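# Chains, contacts and geometry: an overview
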Amino acid sequence: MTAEATGVRLTCDGPVATVTLCRPDVLNAQTPAMWRAMSDFSRDLPGDVRVVVVRGEGRAFSAGLDLAVAGASGPGSFAELAALSEQECAERIADFQAGFTWLHRPDVVSVAAVQGHAIGAGFQLALACDLRVLSSDAKLSMAEVTLGLVPDLAGTKRLVELVGYARALEICATGRRLDAAEADRIGLATLVVPPAELDGAVRDLTAGLLSGARDAVVEIKALLAGAAGRSHADQQRAEREAQTRRLRDLAGTGE
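Residues numbered from 1 in each chain as written. Predicted model: local features only at pLDDT ≥ 70, side-chain atom pairs only at ≥ 80, totals over all residues. Heavy atoms only, no water.

It is worth spelling out the overall build of the protein at this point. Broken down by element type, the protein carries 12 helices and 9 strands. Summarising its shape, the C-alpha atoms of the protein cover approximately 60 × 40 × 40 Å along the three principal directions. In the protein, buried positions account for 42% of the 255 residues. Residue pairs at least 24 apart in sequence account for 69% of intrachain contacts in the protein once pairs closer than 6 positions are excluded. (Helix = DSSP H or I, 4+ residues; strand = E, 2+ residues; numbered from the N terminus. Buried < 20%, exposed > 50% of the residue type's maximum accessible area, 1.4 Å probe, protein only. Contact = heavy atoms within 4.5 Å.)

See below:
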């Protein structure tokens, strides 16, 4: 389907892929069709892509769930999901989550370029990325609670990992908005820049990520991503094993 039909497009330029939410007239509010398209992007991604940049057209990253769709009675609506069996509903939500979780892939580094509002599903899309560059005008909110819902697009674990349980609970249970300065202070932002410098900052970060050897970056991401679930001894063993693979590869004796 076309970007006009789905509201999201994928473009590739060598090792850099860009996912662009392209519904600026509704502040890039998200729909199930967008999530399905984003899930498909993982299969469409060329093998030489190393960095995926996620951005939104216009003045907002994403204002969250499109309530005009969710509040109706058609496909993807609250009414349709509520009419399904518990298992069917859970499976449908798992399909939605896949539009976000592919950004965790071990072979790429994902970067969210966030300007303006990143609300609900928009906040969770930014959290799905490994790194977040925020414009100083960014406003973040986990607003699902204001609809009587919970965040269900793979954002809760990422949020706890970044800011801790207590702060994550406060953010999710109140639905309040965080500005870029607070996001930076509590560890949600990799970098905060003036709005006019957002694109340049993302380009510079991407260049830095591409400057290292791909296989080394893949190993580093795996080491850091798994660190929280390992003991010190297990993490040290993982480091030894990763370094052994790198040394053998560099010497031309790897598999």
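Right, let's get into the pattern of salt bridges. Taken as a whole and judged by the stated rule, the model has 14 salt bridges. Where salt bridges share partners, they join R167, E170, R176 and E182 into one cluster. (Salt bridge = Lys/Arg side-chain N within 4 Å of Asp/Glu carboxyl O.)

An order of β5-β7-β8 is seen for the 3 strands of this open sheet, with the pairing classed as mixed. Every other strand in the sheet has two partners, leaving β5 (117-119) and β8 (177-179) as the edge strands with one partner each. Averaged over all pairs of adjacent strands, the angle between their axes in this sheet comes to 20°, without regard to strand direction. Pairing of β5 with strand β7 (residues 139-141), which is carried by 3 bridges, proceeds in the parallel orientation. Directly across from H117, in β7, lies its bridge partner K139. Of the strands in this sheet, β5 and β7 touch helix α6 (residues 121-128), which is tilted by about 95° from β5. (Pairing = 2+ DSSP bridges. Axes fitted to C-alpha atoms, helices over the stretch in contact; angles between N-to-C directions.)

Turning next to the layout of surface pockets. If you add up the space inside the largest pocket, you get close to 660 Å³. Lining the largest pocket are 22 residues; nearest its centre among them are D130, R158, K221, L224 and A225. Those elements that place two or more of their residues in the lining of the largest pocket are β6 (131-135), α7 (156-163) and α11 (214-227). The element contributing the most residues to the lining of the largest pocket is α11, with 6 residues. Taken together, the residues that form the lining of the largest pocket break down as 14 nonpolar, 1 polar and 7 charged. Estimated volume of the second largest pocket: approximately 480 Å³. Surrounding the second largest pocket, 25 residues form its lining, L65, F78, E144, L147 and L149 being those nearest its centre. Among the secondary structure elements, those contributing two or more residues to the lining of the second largest pocket are α2 (32-44), α3 (67-70), α4 (78-83), α5 (86-101) and α6. If one sorts the elements of the lining of the second largest pocket by residue count, α5 sits on top with 3 residues. (1 Å grid on protein atoms, 1.4 Å probe; cavity = no way out; pocket = protein on both sides within 12 Å on 5 of 7 lines; lining within 4 Å. Points joined across faces, edges and corners; volume = space filled by probe spheres on them. Nonpolar A, V, L, I, M, F, W, Y, C, P; charged D, E, K, R; others polar.)

Attention now moves to the packing of aromatic side chains. Enumeration according to the criterion identifies 2 aromatic pairs in this entry. Within the aromatic cluster, the residues linked to one another by ring pairs are W35, F96 and F100. (Phe/Tyr/Trp six-rings, centres within 6.5 Å; stacked < 30°, edge-to-face > 60°.)

Here we take up unusual backbone geometry. We note that L27 has phi near 55°; this positive angle belongs to a residue other than glycine. When you line up the elements, L27 lands in the loop between β2 (16-21) and α2. Accessibility expressed as a relative area gives 21% for L27, which makes it partly exposed. Despite not being glycine, N28 has its phi angle at roughly 60°, a positive value. In this structure, N28 sits in the loop between β2 and α2. Overall, N28 belongs to the buried group, its relative accessible area being 0%.

Ranked by size, the top nonpolar core spans 47 residues in total, and within it M38, V52, V114, L159 and L188 carry the most contacts. Broken down by element, this core gets its largest block of residues, 6 residues, from α6. In this view, V52 contacts A17, V19, L45, W102, L103, V108, V109, S110 and V111; residues no more than four positions away in its chain are not counted. Counting 10 residues, the second-largest nonpolar core is a separate cluster that includes V53, V133, V193 and A201. (Core = buried A, V, L, I, M, F, W, Y, C linked by side-chain atoms within 4.5 Å.)

Attention now goes to the side chain of T20. Within the fold, T20 resides in strand β2. Not counting residues within four places of it along the chain, the set of residues in contact with T20 comprises G7, V8, R9, R55 and E57.

Glancing now at the sheet that holds strand β3 (residues 51-56). Reading across the sheet, the 6 strands line up as β1-β2-β3-β4-β6-β9 and stay open at both edges, with mixed pairing between neighbours. Whereas interior strands pair on both sides, the edge strands pair on one side only; in this sheet they are β1 (8-13) and β9 (191-193). Taking each pair of neighbouring strands and ignoring which way they run, the sheet shows an average axis angle of 20°. Across 5 bridges, the pairing between β3 and strand β4 (residues 109-114) is parallel. Along β4, the bridge assignment pairs V53 with V111. Docked against the sheet, helix α10 (residues 198-211) engages β2, β3, β4, β6 and β9, running at close to 160° with respect to β6.

Bear in mind that shape data such as this cannot, by itself, settle questions of function.
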